[in-house]
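This is what each chain is made of:
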Amino acid sequence: MKVKITLPTDLRDVPLKDYQEFDRISKQYKDKDAGEYITLNMVSIFGNVGISTLKKMELSNYDIAVNHINQLFEQQPTFRHTITIAGQKFGFIPNMEEMSIGEYIDIENYLKDTQDWHKFMAVCYRPITVNVQDTYEVEEYDGSDKYADLMKHASFGDTYAVVLFFWSLAKDLLDVTMNSLELESKTMTEESGQDSDASGDGIKASTILQARTYLDSMLSQNFPFTPFSQN
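Residues numbered from 1 in each chain as written. Predicted model: local features only at pLDDT ≥ 70, side-chain atom pairs only at ≥ 80, totals over all residues. Heavy atoms only, no water.

Participant: Mind showing me how you'd approach the side chain of H118 here?
Facilitator: As for its placement among the helices and strands, H118 is situated in helix α6 (residues 117-124). Not counting residues within four places of it along the chain, the set of residues in contact with H118 comprises L16, Q20, A148, M151 and K152. (Helix = DSSP H or I, 4+ residues; strand = E, 2+ residues; numbered from the N terminus. Contact = heavy atoms within 4.5 Å.)

Participant: Quick question: what am I supposed to make of the environment of D145 here?
Facilitator: Inspection of the secondary structure puts D145 in helix α7 (residues 145-151). The exposure class of D145 is exposed, given its relative accessible area of 69%. Sequence-wise, D145 and V123 are 22 residues apart; in three dimensions their C-alpha atoms are separated by 9.4 Å. (Buried < 20%, exposed > 50% of the residue type's maximum accessible area, 1.4 Å probe, protein only.)

Participant: Got a minute to help me understand the sheet that holds strand β4 (residues 135-138) in this structure?
Facilitator: In sheet architecture, strand pairing relies on hydrogen bonds along the backbone and comes in two forms, parallel and antiparallel. As summarised here, the arrangement of the 4 strands in space is β1-β2-β3-β4, forming an open sheet in which the pairing is antiparallel. Looking at which strands have only one partner, the edges of the open sheet turn out to be β1 (82-85) and β4. The mean inter-strand angle of the sheet, taken between neighbouring strand axes irrespective of direction, is 55°. Here strand β3 (residues 125-132) pairs with β4 via 4 bridges, running antiparallel. (Pairing = 2+ DSSP bridges. Axes fitted to C-alpha atoms, helices over the stretch in contact; angles between N-to-C directions.)

Participant: Explanation requested: a nonpolar patch on the surface in the structure shown.
Facilitator: There is a patch of nonpolar side chains on the surface, built from I101, Y104 and I105 and spanning about 310 Å² of accessible area. Summarising the element assignment, I105 is placed in helix α5 (residues 101-110). (Patch = residues over 30% accessible without salt bridge, like charges linked within 9 Å, V, L, I, M, F, W, Y side chains within 5 Å. Areas by Shrake-Rupley, 256 points an atom, 1.4 Å probe, with all protein chains shown as cover. Salt bridge = Lys/Arg side-chain N within 4 Å of Asp/Glu carboxyl O.)

This is the structure in structure tokens:
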């Protein structure tokens with residue numbers, strides 16, 4: 001049977017909700033020796049075709065589709081300050097230095113699970129209320145509930161770009177903190193004349209290692225996308 005499907009050519013053609021659905025299935029079955037089932041769902045979801053119809057596709061064409069999707073998720077989308085969803089224009093937080101504690105806490109929490117990324121996007125992007133040339137203002141943040149469902153229709157490409165943006169900030173902050181603690185430890189050791197263990201250097205190094213391990217763990221859990229090939 002000839003089965004025709006239309007595959008996205010850019011990560012911005014992939015709705016966030018589709019990626020979340022695939023991520024849910026892949027995590028649910030990853031330890032159940034179900035690679036072929038996960039791959040089948042991958043093509044079904046991103047090709048917008050039912051499983052029963054997809055099973056009738058010629059194997060050679062199916063392999064082409066799998067390879068196409070794997071290559072698609074190797075893209076590195078660029079970060080955009082403004083996005084449009086359902087005809088409505090949203091702007092990224094205009095001034096990060098003026099971020100509220102509520103925004104910060106929600107971003108930190110929602111980043112941890114891909115199933116919450118629509119809520120994460122609802123914190124990061126809000127309707128533009130004032131737009132003058134290259135500057136804009138956005139709606140005041142009052143929780144993620146108001147636009148969370150709408151953000152399920154944001155592109156995965158834009159979501160992925162802003163997730164990478166925040167993880168890059170987190171990594172840079174960790175590096176700065178590590179360098180600062182190392183310098184502080186060295187200064188304390190030199191001034192006191194104690195060895196590094198006595199000065200607490202070992203404890204600080206352990207703290208840094210724990211923080212870096214946590215960051216690396218979060219990165220590996222959530223992205224980049226891990227492609228699946230047919231087994």
